[in-house]
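# What the coordinates show
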Amino acid sequence: MPMLDSFMVDHTKMNAPGVRLAKTMKTPSGDVISVYDLRFVKPNKEVLSSKGLHTLEHLFAGYMRDHLAGYDIIDISPMGCRTGFYMSVIGKIKNKKIRKAFKKSMQDILQTTEIPEANIYQCGSCYMHSLKSAKKIANKILAKKIKKISNKKLKLKGKVPNICNIEDVKEIG
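Thresholds, definitions, all that
Residues numbered from 1 in each chain as written. Predicted model: local features only at pLDDT ≥ 70, side-chain atom pairs only at ≥ 80, totals over all residues. Heavy atoms only, no water. Helix = DSSP H or I, 4+ residues; strand = E, 2+ residues; numbered from the N terminus. Buried < 20%, exposed > 50% of the residue type's maximum accessible area, 1.4 Å probe, protein only. Contact = heavy atoms within 4.5 Å. Patch = residues over 30% accessible without salt bridge, like charges linked within 9 Å, V, L, I, M, F, W, Y side chains within 5 Å. Areas by Shrake-Rupley, 256 points an atom, 1.4 Å probe, with all protein chains shown as cover. Salt bridge = Lys/Arg side-chain N within 4 Å of Asp/Glu carboxyl O. Lys, Arg positive; Asp, Glu negative; His and termini not counted. Charge placed at Lys NZ, Arg CZ, Asp CG, Glu CD. Expected span 1.5 Å × (residues − 1). Arc of directions from axis to C-beta. Disulfide = S-S within 2.5 Å.

Now for the side chain of S105. Mapped onto the fold, S105 is located in helix α2 (residues 95-111). Classification of S105 as buried rests on a relative accessible area of 0%. Each residue touching S105, except ones within four places of it in the same chain, is listed here: F60, Y63, M64 and H67.

Here it is as structure tokens:
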């Protein structure tokens, strides 16, 4: 099985919140697709609560699209590890612009009074939401500076031991 790009970075060195250009690729027609890592919490130290993450999925993707209007955003989806989101776009967006949109989106979440599409017709788990948790996460992000995450500093070197210590992980939200 080929090694996925997301497993080629040292998660112990990854800070959050932050934005990282995870990878770029070209389509057969020559379009560039860029995938950004929008990291909310430090991997293996914190995870976003399930309800908070699901509510962010409904809010964050829309707010990011609003603040990055004019860019061809393909998708903004939560990471399975519950530490952030991936955003795929056609072309590239400057890291600083994404960080600014990330911050504005968190500010928007704090002003939100209703979770869009959180009903049995438009959501597959409409019971699994918490606006309170999403706002707690947004406050945590806004309390820090959203930084540019460097791929160079995260590059894994050599063989990696297969260990995991989950005792120190804190759920946020």
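Residue placement: A22 occurs in strand β1 (residues 18-26). Sequence separation between A22 and D37 is 15 residues, and the spatial gap between their C-alpha atoms is 5.7 Å. Residues within four places of A22 in sequence aside, it is in contact with V35, Y36, D37 and Y86.

Here we come to a positive patch on the surface. On the surface, K96, K97, K100, K104, K144, K145 and K147 cluster together into a patch of positive charge. Top element by residues in the positive patch is α2. It accounts for four residues. Note that K145 resides in the loop between α3 (131-142) and β6 (147-148).

End to end, α3 covers 16 Å across twelve residues, agreeing with the expected 16 Å (1.5 Å per residue, within 8%). Buried within α3 we find L131, S133, A134, I137, A138 and I141. Buried residues in α3, looked at end-on, bunch into an arc of 160 degrees, giving them a common side. In α3, the exposed residues that point more than 90 degrees away from the buried face are K132 and K136.

What is meant by a disulfide is a covalent connection between two cysteines, made through their sulfur atoms. Inspection of every chain in the model, using the stated rule, returns zero disulfides. With no disulfide of its own, C126 lies closest to C123 among cysteine sulfurs, the gap being 5.9 Å. Using a relative accessible area of 25% as the deciding quantity, one classes C126 as partly exposed.

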